[in-house]
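One-letter residues, chain by chain:
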Amino acid sequence: MSTLKAVRGTRDLLPPETALWNRIEATARTVFARYNFGEIRTPIFEDTALFARGVGEETDIVSKEMYTWEDRARAQSEKTQTLTLRPENTAGVVRAYIEHKLGETGQLQKLYYIGPQFRRERPQKGRYRQFSQIGAEVIGPPSSGSESPLRDAEVLDMLASLLDELGISGWTLHINSVGSSADRARYNETLRAALIPLAPQMCVDCQRRAVTNPLRVLDCKIPEDQPIIETLPKIVDSLDEESKNHFAAVTAALDMAGVPYTRNHRLVRGLDYYTRTTFEFTHGGLGAQNALLGGGRYDGLSEAIGGPKAPGIGFAMGEDRLVLTLQALDTLVAEKGHAYIAPLGEGMNPAALALARELRRAGLTVELGEGSFRLKKSFETAEKVSRRIVILGEDELASGILTVKDFATGTQTKVPRAELAAVLAAPANA
Ligand code: HAM
């Protein structure tokens, strides 16, 4: 029988890597809280129509990449529904905003989420079929200030701070404005016309995009096409005054706050709901899939899925890519536990459990050895996982004085049991 494996594009995350995932999530939660965001958890599957209407029928995500199935009715009261594993979380958050009438509070909603998303893409490094996003959305009725360029700048400032706090150095923030949906439609036609004489000299994908979705030509990575793409009209020339002013206010706030960015005229993003500000943070260490995160404004999304006017802005970070970047930066030091308890003989096992319990209750990370081990094996095992080893034999138990060896300094000391927790809590080398 062939062995069963995780499905292509999915993977298991194992320790010690999961510790890094947890650290990233804990840091994100801490930073989000400072900006007054609260957590939202939406279902992993939704009505397919939500993504078709929200993200856009013509986008790659909806037209090619969704995991969709017919969910058969199980009772007369039920209808057969077409459901989809969420490919992204913004549409779900906005659906929840509408469903729970959060707009009626009149308050700006600042919501974050952490969780799996699903896209049937061609798997490669940094691109998976199940991946995890850490994202946030700021949304509310216009009276809550949700349209203000200050909100855009605050979100970007939060992201820059989060990446810095995670220790991700060397990121680049690319920003652009795609204007109102009317601006975008106008630009699409300008591009379509400009591409008519140029497309035949471009790659086959661009030849197709020139007809079906001219904006996507700007995403082309083929080196030979780049000089041609550089000559194409820029979206900035199709923006109305309001969009231009909005963008100028965002960049002015970023300048004042000291958040570095580069203007990228080609950043139009692959989801239909974007209006005005769009952005991506990239990192050179990632290779072809170099976007750490992406986001932007979606002032018309709520209305597109049947809700009230509720401008918003948000982002999603690829958590898998944050992990890859941190691993590549090589700044990670494996965290070792405080102590390894080595019982001398199986008869000492219960006493060792009692000692481990005492220390763990004092907040220490403790690994418990096995009395059948020879002392040499205990030392070897202990050094891999802990900073210190505590020897527990008949004499130690009777006297209440334990032998502690510090692996960093190589020194061995006698410590009274009452002082043990404090000694083990002290940094190694101290
Ligand atoms: P997105 O650009 O499609 O935007 O995805 C955001 C991020 O998710 C990407 O920059 C990347 O880091 C990560 N990502 C996307 N696809 C994959 C994949 N197959 N494997 C690994 N990582 C991936 C959105 O999803 C929008 N909902 C962002 C947003 C929120 N805009 C406004 N609010």
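Small disclaimer: the values here were computed from a predicted structure and weren't measured.

## Observations regarding helix 9 (residues 241-257)
Move 1: Under the 1.5 Å per step criterion, the end-to-end length of helix 9 is 24 Å for 17 residues, consistent within 8% with the ideal 24 Å.
Move 2: Each element contacted by the buried residues of helix 9 is listed here: helix 5 (149-166), strand 7 (171-177), helix 6 (181-198), strand 8 (262-263), strand 9 (275-283) and strand 10 (291-297).
Move 3: Positive phi shows up at Gly258, right after helix 9, with a value of about 80 degrees.

## Regarding the pattern of salt bridges
Two side chains with opposite charge may pair up if their charged atoms get near one another.
Move 1: Evaluated as defined, the whole model comprises 21 salt bridges.
Move 2: The partner of Glu280 in a salt bridge is Arg269, and the shortest N-O contact between them spans 3.1 Å. Taken as a pair, Glu280 in strand 9 and Arg269 in the loop between strand 8 and strand 9 lie far apart in primary sequence, eleven residues in all.
Move 3: Looking at Glu280, the relative accessible area reads 18%, which means it is buried.
Move 4: Under the relative-accessibility criterion, Arg269 is labelled buried at 14%.
Move 5: Sharing partners across several salt bridges, the network here consists of Arg29, Glu39 and Arg41.

## A short note on the nonpolar core
Move 1: Membership of the largest hydrophobic core comes to 45 residues, with the highest contact counts inside it found for Phe32, Leu163, Phe279, Phe281, Phe315, Met317 and Leu322.
Move 2: Looking at which element gives the most residues to this core, the answer is helix 5, with nine residues.
Move 3: Counting residues in each nonpolar core, the second largest holds 37 residues, with Ala91, Val94, Cys203 and Ala210 among its members.

## Let's talk about the sheet that holds strand 16 (residues 412-416)
Move 1: Strand order in the open sheet formed by five strands is 13-12-14-15-16, and the pairing between neighbours is mixed. The open sheet has two edge strands, strand 13 (366-368) and strand 16, and neither has a second partner. Taking the axes of each pair of neighbouring strands and ignoring which way they run, one obtains an average angle of 30 degrees across the sheet.
Move 2: Note that strand 14 (residues 386-392) and strand 15 (residues 401-406) share four bridges and pair antiparallel. Looking at the pairing, Ile391 lines up with Thr403 of strand 15.
Move 3: Packed onto the sheet, helix 13 (residues 375-385) meets strand 12 (337-343), strand 13, strand 14 and strand 15 and runs at close to 150 degrees relative to strand 14.

## What about the domain arrangement of the protein chain?
Move 1: Domain annotation of the protein chain identifies domain 1 (17-180 + 240-329) and domain 2 (337-425).
Move 2: Put simply, the middle of domain 1 and the middle of domain 2, counted by C-alpha atoms, are 48 Å apart.

## So, unusual backbone geometry
Move 1: For the bond running from Pro15 to Pro16, omega is 5 degrees, close enough to zero to count as cis.
Move 2: Within the secondary structure, Pro16 sits in the segment before helix 1 (17-34).
Move 3: Of note in this structure, Lys101 is not a glycine but carries a positive phi near 50 degrees.
Move 4: At Arg276, a residue that is not glycine, the phi angle is positive and equals roughly 55 degrees.
Move 5: Relative to the elements of secondary structure, Arg276 occurs in strand 9.

## Re the environment of Gly393
Move 1: Structurally, Gly393 can be placed in the loop between strand 14 and helix 14 (394-399).
Move 2: Judged by its relative accessible area of 3%, Gly393 is buried.
Move 3: Sequence-distant contacts of Gly393, that is, excluding residues within four places in its chain, are made with Leu344 and Met348.

## With respect to the side chain of Arg127
Move 1: Of note, Arg127 is situated in the loop between strand 5 (109-118) and strand 6 (130-139).
Move 2: Buried charge Arg127 goes without a salt bridge, the closest partner of opposite sign being Glu121 at 4.1 Å.
Move 3: Sequence-distant contacts of Arg127, that is, excluding residues within four places in its chain, are made with Glu121, Arg122, Gln289 and Arg321.

Analysis parameters
Residues numbered from 1 in each chain as written. Predicted model: local features only at pLDDT ≥ 70, side-chain atom pairs only at ≥ 80, totals over all residues. Heavy atoms only, no water. Helix = DSSP H or I, 4+ residues; strand = E, 2+ residues; numbered from the N terminus. Expected span 1.5 Å × (residues − 1). Contact = heavy atoms within 4.5 Å. Salt bridge = Lys/Arg side-chain N within 4 Å of Asp/Glu carboxyl O. Buried < 20%, exposed > 50% of the residue type's maximum accessible area, 1.4 Å probe, protein only. Core = buried A, V, L, I, M, F, W, Y, C linked by side-chain atoms within 4.5 Å. Pairing = 2+ DSSP bridges. Axes fitted to C-alpha atoms, helices over the stretch in contact; angles between N-to-C directions. Domains from an automatic or database assignment. Lys, Arg positive; Asp, Glu negative; His and termini not counted.

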